[in-house]
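Reading the structure
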Amino acid sequence: MADEQPAALRLERAKQDFEEKLHDALRAYDRRSEGDVEIDLDLDDPTDGPKGGDVELRTAVRNLAEAFHAQGVVHETGVTATHLTAIDSDADGTIALNVKYEYPV
């Protein structure tokens, strides 16, 4: 019955799910890596050079973004996740995450 819910509510849930999956990927990376977690990535530009994180992490983030964009409600509303910044500067395991979204006019 999810299709009976307003698109705005379904979109918000899709964004929350996307950001939870990003947090999971970042925490998994944090457990495997040494040093601080830091990534700054343009999600809509596959040629964006490395700005933190390794190739595996950037690939995982891009795959999650592709899956997010492929969801029906995301495609239907025209919303795109364009940029991701994540950092755990003091290595305490708490990762600050910011995802920028663009909404059609």
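Relevant structure appears above.
Residues numbered from 1 in each chain as written. Predicted model: local features only at pLDDT ≥ 70, side-chain atom pairs only at ≥ 80, totals over all residues. Heavy atoms only, no water.

On to helix H2 (residues 55-70). Counted at 1.5 Å a residue, the expected span for H2 with its 16 residues is 22 Å, and the 22 Å between its end C-alpha atoms agrees. Within the span of H2, buried status applies to Leu57, Arg58, Val61, Arg62, Ala65 and Phe68. Within H2, the buried residues cover an arc of 130 degrees as seen down the axis, which keeps them to one side. Those residues of H2 that are exposed and angled more than 90 degrees off the buried face are Val55, Glu66 and Ala70. (Helix = DSSP H or I, 4+ residues; strand = E, 2+ residues; numbered from the N terminus. Expected span 1.5 Å × (residues − 1). Buried < 20%, exposed > 50% of the residue type's maximum accessible area, 1.4 Å probe, protein only. Arc of directions from axis to C-beta.)

Before going further, it helps to spend a moment on the pattern of salt bridges. Scanning the model with the defined rule gives 5 salt bridges in all. Residue Glu12 pairs with Lys15 through a salt bridge whose shortest N-O separation is 3.6 Å. With Glu12 and Lys15 both in helix H1 (residues 7-32), this residue pair falls 3 residues apart, about one helical turn. (Salt bridge = Lys/Arg side-chain N within 4 Å of Asp/Glu carboxyl O.)

Right, let's get into a negative patch on the surface. Residues Asp36, Glu38, Asp90 and Asp92 make up a contiguous surface patch of negative charge. Among the structural elements, Glu38 can be located in strand E1 (residues 37-42). The class of Glu38 is partly exposed, set by a relative accessible area of 48%. (Patch = residues over 30% accessible without salt bridge, like charges linked within 9 Å, V, L, I, M, F, W, Y side chains within 5 Å. Areas by Shrake-Rupley, 256 points an atom, 1.4 Å probe, with all protein chains shown as cover. Lys, Arg positive; Asp, Glu negative; His and termini not counted. Charge placed at Lys NZ, Arg CZ, Asp CG, Glu CD.)

Treat this as a map of the structure, not an account of what it does.
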